[in-house]
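Structure at a glance
Here is what each chain is made of, one letter per residue.
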Amino acid sequence: GCSSGNNAAPAANGGGSAPAQAPAAEAGGGEFTAQIGVVGFLSGSGAAYGEAQKAGLELALGELNEANKGKLKMELKFEDSGGEKEGAINAVNKLINQDNVVAIIGPTLSGEMFAAGPVANEAEVPIFGISNTSEGINDIGEYVFRNSLPESIAIPTAMKAAVEKKGIKKVALIYAANDDFSVNGYKVMKATAEKMGLEITGEATFSNGDVDFSAQLTKLKQTNPDALLVSALYKEGSMVVKKARELGITATILGGNGFNNPKVFEIAGPAADGLIVATPFSPEKQDEKVQAFVKAFEAKYNKKPDQFAAQAYDSLYIMSQSLLGAGKADREELRGQLAQLKDFAGVSGKLSFDEKRNPIGDAVVVVAKDGKFVPFE
Ligand code: 1QQ
């Protein structure tokens, strides 16, 4: 629960700058060490997201500490949020107050960032989302950054491609009503459908943790949509896809960022075939940098990276570049460097920020085929 024992009077600093507590850091000449906290969905129903992020970060850490020898040594402190807001808040508090990190990467879910981002922002610690795709993430405050492409860019890209190639005119929507990301994705899907002049035949909701979606899908099937738009995390989303096919729904199925993980194929099996998703990253992309990353990832983990691994990997390169620019492990300097980031070329695409630190980037549209995502064309 909420402890109320800590009633320190707010500092009367008239909105000025409270002294940022500088983590142990050495400026000038030699190598400096930077402790970076990571908050990930490392256990529970979305653990594959956190695992992918951890893998991407650890791959980048090895490469960067090698490349930065004599200048910068980064250390990562992982905390498991379990995908819960409370868990994310506790993790952020611990990383800031006990571990004295210079910055935090994560947490995984938008809902977690909405809960824990304000804690870091208040403490003036840069916090960098690598998979927060909801609207409003950057509005938390000026210490909040992300390299995750918002659903407001990704989903319309996928919907336009799907409508064009499949002649879709009528859509039905289904989403997790108790998850901030899923709700945001649904809103984007609905607004995009309306903008495109598509008819919305029906809507249904479920909750994260649900395992039975037959009632909702049976109802939506009767509305006879050309496409089913699903906004969900991989576990529930994949079960929805599977059930939809079992019930004989033949509509095109399109989903958001939650589907960008290979667990989809494990859970939905062959029913995943044809699922359309927008992602900023595709391991198939014919790009030197992407292919070098895919190769290094495969050598280390014996599997292909997903978009969560890719954006995590990119985030540490961004941290490294920004810390080197700062010249010391200082939260304020680091924030300034992050805010200046422009045209960063990562494996998940080119990245720069708009005036609200929202990432500007492109989505690619992929389709599930025989157990993997391939370009949708
Ligand atoms: C968010 C997402 C999820 C799919 C992350 C796992 O995009 O919560 O914003």
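As a reminder, the structure under discussion sits directly above these lines.
Nothing here was measured: the structure is a model prediction, and the numbers come from that model.

What follows deals with the overall build of the protein. Within the protein, the secondary structure is distributed over eleven helices and 15 strands. Across its three principal directions, the C-alpha atoms of the protein cover 65 × 50 × 35 Å. Residues counted as buried form 55% of the 377 residues belonging to the protein. Accessible area for the protein stands at about 15900 Å²; split by element, carbon and sulfur atoms hold 48% of it.

Now for the environment of Q307. One can find Q307 in helix α10 (residues 307-326). For Q307, a relative accessible area of 3% corresponds to the buried category. With 44 residues separating them in the primary sequence, Q307 and L351 have C-alpha atoms 15 Å apart. If near-sequence neighbours (up to four positions away) are discounted, Q307 is found in contact with N257, N260, T279, P280 and F281. A polar contact of 2.7 Å, which involves the side chain of Q307, links it to the side chain of N257.

Turning our attention to empty space enclosed by the protein. Evaluated as defined, the whole model comprises three cavities of 30 Å³ or more. Of the pockets and cavities examined, the largest cavity occupies roughly 90 Å³. What lines the largest cavity is a set of 15 residues, and nearest its centre among them are N147, S348, G349, K350 and L351. Contributions of two or more residues to the lining of the largest cavity are made by α10, β11 (344-346), β12 (349-353) and β13 (359-360). Ranked by residue count, the leading element in the lining of the largest cavity is β12, at three residues. Partitioning the lining of the largest cavity into residue classes produces six nonpolar, six polar and three charged. Within this model, the second largest cavity holds a volume of roughly 80 Å³. Looking at the lining of the second largest cavity residue by residue, the classes come out as five nonpolar, seven polar and no charged. Structurally, the lining of the second largest cavity is a two-domain feature, drawing no fewer than three residues from each of domain 1 (32-149 + 288-362) and domain 2 (151-279).

Attention shifts here to helix α7 (residues 234-246). The periodicity of an α-helix, 3.6 residues per turn, causes residues three or four places apart in sequence to face the same way. Over its 13 residues, α7 runs 18 Å from end to end, which matches the ideal 18 Å to within 8%, given 1.5 Å per residue. Every buried residue belonging to α7 is among Y234, E236, G237, S238, M239, V240, V241 and A244, and all of these are buried.

This brings us to the side chain of D314. Relative to the assigned elements, D314 resides in helix α10. No salt bridge is formed by the buried D314; the nearest opposite charge belongs to K289, separated by 6.9 Å. If sequence neighbours within four positions are ignored, D314 has contacts with N147, F344, G346, V347 and S348.

Rules and cut-offs
- Positions within a chain are numbered from 1, following the residues in the order the chain's sequence is written.
- This being a predicted model, a pLDDT of at least 70 is required before a residue's local features are given, and a value of 80 or more before pairs of side-chain atoms are given or counted; all residues contribute to the totals for chains, interfaces and linings.
- Side-chain metrics rest on all non-hydrogen atoms present in the structure, leaving aside hydrogens and water.
- In this description a helix means any DSSP run of H or I spanning at least four residues, a strand means any run of E spanning at least two, and both kinds are numbered starting from the N terminus.
- Relative accessible area decides the class of each residue, using a 1.4 Å probe on protein chains only: under 20% of the type maximum gives buried, over 50% gives exposed, and in between gives partly exposed.
- Each accessible area is a Shrake-Rupley result for a 1.4 Å probe, and residues are judged covered by the shown protein chains and nothing else.
- Whether two residues are in contact is decided by their heavy atoms, any of which lying within 4.5 Å being enough.
- Any N or O atom pair separated by 3.5 Å or less is treated as a polar contact, with the protein-specific requirement of one donor-capable and one acceptor-capable atom, and with residues adjacent in sequence counted only for side-chain atom pairs.
- Cavities and pockets are defined on a 1 Å grid built over the protein atoms alone: a cavity is a set of grid points where a 1.4 Å probe fits but cannot escape, while a pocket is an open set with protein on both sides within 12 Å along at least five of seven lines, and lining residues are those with an atom within 4 Å of any such point.
- Grid points are joined across faces, edges and corners, and a volume is the space filled by probe spheres set on the points.
- Charged means Asp, Glu, Lys or Arg here, nonpolar means Ala, Val, Leu, Ile, Met, Phe, Trp, Tyr, Cys or Pro, and polar covers whatever is left, Gly included.
- All the domain ranges listed were derived from an automatic or database domain assignment.
- Helix span, as expected, comes to 1.5 Å for every residue beyond the first.
- The charged-residue count follows a simple rule in which Lys and Arg add positive charge and Asp and Glu add negative charge, with His and chain termini not counted at all.
- Salt bridge, as applied in this entry: a Lys or Arg side-chain nitrogen positioned within 4 Å of an Asp or Glu carboxyl oxygen.

These values are about where atoms sit, not about what they do.
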